[in-house]
Amino acid sequence: MNITNRFNLPVTLLNAVKDDEYDRGDSVLSVTQLISSPRIVLLQDLNADNLTADVVDRVPALLGTAVHKIIEKGSKDIPNHIVEERLFAEILGWKISGAVDLQIDNGDGTWEINDYKVTSVYSVMDEKIEWIQQLNSYAFLARQAHGRSVTKLRIIAILRDWQRKQAEMKPDYPQSQVLAVEIPLWTDEQQSDFVHTRVALHQEAKKMVDSGGAVPYCTDQERWLRGETWAVMKEGRKSAVRLHDSEEEARDTAESLGAGHSVDHRPGSPIRCAGNYCMVAQWCRQYQEELSHSAG
């Protein structure tokens, strides 16, 4: 990856960002890639030599690495703790891997998996399906690689934007800057079905690319679509009478209000694409066509 330094930050920070120790071993997919959009994974592979990020864009990852180093130090000499172990399993002919931050041997034949994240307050105020998928995939790999029976999954979330004043004023705001978030544990069968389905999805996408076909577009969820609404409009009025999150609700409202009312779809914004968090927005036909359509 090419790292730029648009704000002329100290070379020590630049070197720290460049010194990326990430290595997925000889696996075809990491768990992070497994749960991601096949389109994004393929575009990143195809444009690997041209991927570019600025130092400031890599600071969150740098903070995450720092936290992992501290946790590794804190777990030193604790006999039932396994830190930063990369687990492997072969699924449908592809080797899959995942690096687990912390595995805890409970001493009774069961294990607990913890994953440390430096994240935002917003992330812990609503359920994140990606976290559920990630940790259940780790549990699957732990069972496949070592026969470990995982009975508990937790995200240890360090909230970088936490504010004490907000915690004092709002009871639904996180009351601590560090939270242990319990993650729903799937059954063994559900974990296996999920991993096999995701591998098959990525394999099919790669097969389509290799044969010259088009890669399926990202879903709204994969694009982090936010703000999509349906507006109930009244003839002769510029502003919406009411906004709804679903087309069905909007049409019911328009019908109940009677003649002269209609429904206007207001597309949301694909946050992942617009912010280029996927790092391949400039090569993505799906997003570029959307931009052209909006401009037109």
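Nothing here was measured: the structure is a model prediction, and the numbers come from that model.

Conventions we followed
Residues numbered from 1 in each chain as written. Predicted model: local features only at pLDDT ≥ 70, side-chain atom pairs only at ≥ 80, totals over all residues. Heavy atoms only, no water. Buried < 20%, exposed > 50% of the residue type's maximum accessible area, 1.4 Å probe, protein only. Helix = DSSP H or I, 4+ residues; strand = E, 2+ residues; numbered from the N terminus. Pairing = 2+ DSSP bridges. Polar contact = N/O pair within 3.5 Å; in protein donor to acceptor, adjacent residues only side chain to side chain. Contact = heavy atoms within 4.5 Å. Patch = residues over 30% accessible without salt bridge, like charges linked within 9 Å, V, L, I, M, F, W, Y side chains within 5 Å. Areas by Shrake-Rupley, 256 points an atom, 1.4 Å probe, with all protein chains shown as cover. Salt bridge = Lys/Arg side-chain N within 4 Å of Asp/Glu carboxyl O. Lys, Arg positive; Asp, Glu negative; His and termini not counted. Charge placed at Lys NZ, Arg CZ, Asp CG, Glu CD. Axes fitted to C-alpha atoms, helices over the stretch in contact; angles between N-to-C directions.

Enquirer: Now, about the pairing of strand β10 (residues 229–234): what can you tell me, with residues and values included?
Expert: The side chains of a regular strand alternate between the sheet's two faces. Among the six residues in β10, five count as buried, and that is most of the element. With six bridges joining them, β10 and strand β12 (residues 261–266) adopt antiparallel strand pairing. Pairing of Ala231 across the sheet is with Asp264, part of β12. Alignment of β10 against strand β11 (residues 242–244), held across three bridges, turns out to be antiparallel.

Enquirer: Any details on helix α3 (residues 38–46)? Residues and values, ideally.
Expert: For α3, every residue scored as buried is listed here: Pro38, Arg39, Ile40, Val41, Leu42 and Leu43. Sitting at the amino-terminal end of α3 is Ser37, which places a side-chain oxygen 3.1 Å from the backbone nitrogen of Arg39.

Enquirer: Break down the side chain of Thr119 for me, citing the residues and quoting the values.
Expert: Mapped onto the elements of the fold, Thr119 is located in strand β6 (residues 110–119). Exposure remark for Thr119: the relative accessible area of 8% places this residue in the buried category. Residues in contact with Thr119, not counting those within four places in the same chain, are Trp131, Ala157, Ile158, Leu159, Arg160 and Asp161.

Enquirer: I'd like a description of a negative patch on the surface, backed by residues and values.
Expert: Where like charges cluster on the molecular surface, the negative patch consists of Asp245, Glu248, Glu249, Asp252 and Glu255. Following the sequence through the fold, Glu248 ends up in helix α9 (residues 247–257).

Enquirer: Outline the sheet that holds β12, listing residues and values.
Expert: Across the sheet, which stays open at both edges, the three strands sit in the order β11-β10-β12 with antiparallel pairing between neighbours. At either margin of the open sheet sits one strand with a lone partner, and together these are β11 and β12. This sheet shows a mean twist of 30° between the axes of neighbouring strands, independent of strand direction.

Enquirer: Which residues make up the side chain of Gln203, and what values do they have?
Expert: If you trace the backbone, Gln203 turns up in helix α8 (residues 188–210). The contact partners of Gln203, leaving out residues within four places of it in the chain, are Ile91, Leu92 and Trp94.

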